[in-house]
Each structure stands twice: as structure tokens, then as C-alpha cells.
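# Close look at the chain arrangement
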Amino acid sequence: MTKSILKDLIAQNRKTCDYTFNEITQENSTLKLNDKTASVGFIYRHIGEIMHLLTQFFGIPTEVKNTTMGEKDTGEVYNLDESQKLVEDGYKILDDLVESLSEKEWAETIETPFFGAISRAKLLGHVLYHNTYHCGQITLTLKRGK
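We now turn to the structure provided with this report. (Residues numbered from 1 in each chain as written. Predicted model: local features only at pLDDT ≥ 70, side-chain atom pairs only at ≥ 80, totals over all residues. Heavy atoms only, no water.)

Put simply, helix α2 (residues 40-54) and helix α3 (residues 80-100) touch, their axes get as near as 8 Å, and they point 35° apart. Here the hand of the crossing between α2 and α3 comes out left-handed. Counted together, Y44, R45, I47, G48, E49, M51 and H52 of α2 and L80, E82, S83, Q84, L86, V87, D89, G90, Y91, I93 and L94 of α3 form the full contact between these two elements. Among the residues forming the contact of α2 with α3, the class breakdown is nine nonpolar, five polar and four charged. (Axes fitted to C-alpha atoms, helices over the stretch in contact; angles between N-to-C directions. Helix = DSSP H or I, 4+ residues; strand = E, 2+ residues; numbered from the N terminus. Left-handed = near helix turned anticlockwise from the far one by under 90°. Contact = heavy atoms within 4.5 Å. Nonpolar A, V, L, I, M, F, W, Y, C, P; charged D, E, K, R; others polar.)

Here it is as C-alpha cells:
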């Protein structure tokens, strides 16, 4: 039962975010809501990086380097294809985790530096929340940004 629910949650997160992600182009990736906010491209890159960085707490190694978490958008234009690949690969990692971990393992507690001791299911919930939160920022920026 748990695996089925987790698969559904990942699939819904992907579907919901894809409405926005599919609207991102290399041209509109430089849009910002205002001068103090990050660009669409920066936020999209951030989503992809964080998916990889947080899955390290599940024991999945990554070669993805943090260039966005805790950083300010310096105006760098991010390669859209690279960001798309990060996000796609991130979702694949999540899908593979659901397949490989037992239902018991999803309930087990793991240590994380950001959230302390939490269950794997709660960590997955945070990854999905994080995606949706920033997806909303991108949506607003695409509609109202300059």
C-alpha cells in the first residue's frame, strides 16, 4: 500500500509541476518577478540540484554540485537542457527509491542535517513540497515577471 501511495504522490507532483516546467524556455528563463528575486532559470536549476542533494540522505550518491542553495542569483544564464536533465533524473531517482525500498524502510528514521531525525517518507514529502513551492514561484514569474 505505501509504495502505491508514494508512486501516486511522485506522479502527481511531476504532473502538476510539468505544467509549469513545460512553459520554461531558454528565452524566458532570465525573467525575474522583481530585482530582488531569483530568475526562472536559477529556480529551475535549484529544483533539480536539490532533488539530487536531498536524495543523498537516502544513501544515493551524487556528483551534482550545489550552485544555488543559499546562493544569490548573479544573473548567470543556465542551460535549460541541463536543468531539465537534473529534474528528470531527480524524478527517476525518486521512482527508483520507491521500487527499491521496502514499506518498512519508508517508515524508518534517518538522520538529516536540515530536519534532524525523520522518516524516509517525510523526507520524500519534503522533496515533493520543495518542488511544488518553487514551481509556484516560477509560475508567478512567468506570468508577471520582467
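Back to the write-up after that little detour.
Tracing the chain through its elements places L101 in the loop between α3 and α4 (103-107). Residues L101 and R120 lie 19 residues apart in sequence; the distance between their C-alpha atoms is 9.7 Å. Contacts of L101, omitting those with residues within four sequence positions, involve K3, F58, W106 and R120.

To continue, consider the pattern of salt bridges. For the structure on display, the rule yields eight salt bridges. Between R14 and D95 there is a salt bridge, with its nearest N and O atoms 3.6 Å apart. Within this pair, whereas R14 is found in helix α1 (residues 2-21), its partner D95 is found in helix α3, the two being separated by 81 residues in sequence. Owing to a relative accessible area of 31%, D95 belongs among the partly exposed residues under this scheme. Close ionic contact of D89 with K85 constitutes a salt bridge, the shortest N to O distance being 2.9 Å. One end of the pair is D89 and the other is K85, both in helix α3 and four residues apart, which spans about a single turn. Since its relative accessible area comes to 30%, D89 is described here as partly exposed. (Salt bridge = Lys/Arg side-chain N within 4 Å of Asp/Glu carboxyl O. Buried < 20%, exposed > 50% of the residue type's maximum accessible area, 1.4 Å probe, protein only.)

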